[in-house]
Each structure stands twice: as structure tokens, then as C-alpha cells.
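The lines below spell out each chain.
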Amino acid sequence: MIKKNGMLIVFEGGDGAGKSTQSARLAAWLCDMGYQVRATFEPGDTELGAKVRQIVLHSKVEMCPKAEALLYLADKAQHVAEVIKPALEAGMIVISDRYVDSTIAYQGAGRALSDEEVSRIAWWAVSDLVPDLTVLMDVPVTQGLSRKDVLDRIESAGLEFHERVRDHFLALPSSQPGAYLVVNGRDPKDEVTAQIRECIQGIIDHSGHVLAREA
């Protein structure tokens, strides 16, 4: 178990839901408030992860679902060890665009592997590091994919695949009350931003974490 001084905020959801936009806005807002922030993403925000990203998203190599899942988990293990853990130990607020839930949703539910098995290995890969909050951005599958100019290997997996992924995401909040903020990705961007900021401010005010501030 990783002991953290900082805070881990994760953005999850289907493709085209607005995760990258809102995570960047949150990072900028927190920086403006004087907090030290580490914005990051999966897969690919390490040297090893960048190689994994190229394989899982852009390679033409055929891979079985288990191989795909293990590649994503290798990225996660390196990401936590190299990026997330040091930032949390320094008291920073870490904002990650995707984390464990994405692997369970895409490689578990999406690829029809056992959710329980993927979940067990995924949490082992990240040393059971649980987010302080997961912001779940939701949009209908067809709307989310329509926002993409070019589809990568995962985005091209088909509507049935992405519907299974979305169903898995939407089932998460009921099983873990308080762990998720569910946001309608179809709402105006500024309204979504305001909703997320209000929730994060409440968590910061009541968390008890000693968060690093800019000098």
C-alpha cells in the first residue's frame, strides 16, 4: 500500500467524453489556486509507457485480449512507480486522465475477460493505490466516437465493444458510493467545469491532506 501525502484525482469514461479537456481545466485551476499539480495520463506518460501506447493503440500486430490487458497493466505499474507515487509523496495533487477503471472496463468488460481477474491484477499493478475521487464523464457511445477525427485501434473496436465499456463505467458509482462524481459530458463545458470544481473544492477542504503549495 502506498502512503500518500498528496491527492489523486482520476478522470474516467468512454472515448470522446471530454476527459482530457476537463482534466486540463482542473489542473490549470488548481495551479492558479497555488497548489502543486502533476497532470498525467494513461497509457504513455513514461518512457516505457510511450512504447506500450504505440503498441496497444497504433500497432497492426494481432494480440489476444489477455496480452492486451497485460500491456496496459505494465504501463500502469510503471506509471505509478515513476510518476504518481513520487508526486503524491511530495504532497502534490495528481490528476490522471485514465487509471485502473479504464483497464477493467475496456480489457475486462469490453474484451469479455473476467472483470474480477482483471481487477485483481490491475490493483496489484498499482499497489492498491485508490483515487481520492474519480470523475466519471459520460456520453452516449455514438456521440463520443463522433467527436474523434481519427479512430485508434481501441476506438475502432466497434459499437458493441464500447457499449459494454460504457455499461461497466455506469455501474461503478452504485457499488462504491462517494467514490465517484458522475458528469454528463453532453452538458456545456463551462457547466461541467463548475460542477467538477465545486466537488474538488469540497474534497480539499475536508480531506485532511497536507497539500504542497507553490512558494
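Residues numbered from 1 in each chain as written. Predicted model: local features only at pLDDT ≥ 70, side-chain atom pairs only at ≥ 80, totals over all residues. Heavy atoms only, no water.

Brief notes about the packing of aromatic side chains
For clarity, the threshold we go by: Pairing of aromatic side chains here covers Phe, Tyr and the six-membered ring of Trp, requires ring centres within 6.5 Å, and sorts the geometry by plane angle: under 30 degrees stacked, over 60 edge-to-face, intermediate tilted. Numbered from the N terminus, helices here are DSSP runs of H or I no shorter than four residues, and strands are runs of E no shorter than two. Each residue is assigned to one of three classes by its accessible area relative to the maximum for its type, calculated with a 1.4 Å probe on protein chains only: buried under 20%, partly exposed between the two thresholds, exposed over 50%.
This model, assessed by the stated rule, comprises 3 aromatic pairs. Between the aromatic rings of Tyr99 and Trp123, the centroid separation amounts to 6.2 Å while the plane-to-plane angle is 75°, which identifies the pairing as edge-to-face. In this pair, Tyr99 is assigned in the loop between strand 3 (93–97) and helix 4 (100–110) and Trp123 in helix 5 (residues 115–125), connecting sequence segments 24 residues apart. Here Tyr99 falls in the buried class, since its relative accessible area comes to 1%.

Examining helix 4
Quick reminder of the rule: What makes two residues a contact is simply this: any of their non-hydrogen atoms within 4.5 Å.
Taking burial as the measure, the 11 residues of helix 4 include 11 buried ones, the bulk of the element. Turning to helix 4, its buried residues number three or more, namely Val100, Asp101, Ser102, Thr103, Ile104, Ala105, Tyr106, Gln107, Gly108, Ala109 and Gly110. On its buried face, helix 4 sits against strand 1 (7–13), helix 3 (65–89), helix 5, strand 4 (133–138), helix 7 (159–175) and strand 5 (180–184). Directly after helix 4, the chain includes Ala112, whose backbone phi takes a positive value near 60°.

Points about the pattern of salt bridges
Pairs may arise between side chains of opposite charge once their charged atoms sit close together. Where we set the bar: A side-chain nitrogen of Lys or Arg and a carboxyl oxygen of Asp or Glu constitute a salt bridge if their distance falls within 4 Å.
Taken as a whole and assessed by the stated rule, the structure comprises 10 salt bridges. Salt-bridge contacts for Glu42 lead to Lys76; the nearest nitrogen and oxygen are separated by 2.8 Å. Within this pair, whereas Glu42 is found in the loop between strand 2 (37–41) and helix 2 (47–58), its partner Lys76 is found in helix 3, the two being separated by 34 residues in sequence. Overall, the relative accessible area of 3% leaves Lys76 in the buried class. A salt bridge links Arg166 to Asp138, with the shortest nitrogen-to-oxygen separation between them at 2.8 Å. One end of the pair, Arg166, is in helix 7; the other, Asp138, is in strand 4, and 28 residues separate them in sequence.

Examining the sheet that holds strand 4
Just so we agree on the cut-off: Strand pairing is assigned whenever DSSP identifies at least 2 bridges connecting the two strands. Angles here are taken between N-to-C directions and fall from 0 to 180 degrees, while the axes themselves are lines fitted to C-alpha atoms, restricted in helices to the stretch in contact.
Pairing in this open sheet of 5 strands is parallel, and the strands run 2-3-1-4-5 from one edge to the other. Bordering the open sheet on either side are strand 2 and strand 5, each of which pairs with just one other strand. Here the average twist between neighbouring strands, direction ignored, is 20°. Bridging between strand 4 and strand 5 involves 5 bridges; their strand directions are parallel. Along strand 5, the bridge assignment pairs Asp138 with Asn184. Strands strand 1, strand 2, strand 3 and strand 4 of the sheet are contacted by helix 1 (residues 19–32), whose axis makes an angle of about 165° with strand 3. On top of the sheet, helix 7 reaches strand 1, strand 4 and strand 5; it is set at about 135° to strand 4, its chief contact.

Some details on the nonpolar core
Which entries qualify depends on this criterion: Nonpolar cores were defined as sets of buried Ala, Val, Leu, Ile, Met, Phe, Trp, Tyr and Cys residues, with membership established by side-chain atoms within 4.5 Å.
Membership of the largest hydrophobic core comes to 23 residues, with the highest contact counts inside it found for Ile9, Leu26, Leu30, Ile93, Ile95 and Ile196. Elements that contribute at least two residues to this core include exactly strand 1, helix 1, strand 3, strand 4, strand 5 and helix 8 (189–207). With residues near it in sequence (within four places) discarded, Ile93 still touches Met7, Ile9, Leu30, Tyr35, Gln36, Val37, Arg38, Ile204 and Leu211. Leu8, Val80, Ala87 and Met92 belong to the second-largest nonpolar core, a separate cluster that totals 17 residues.

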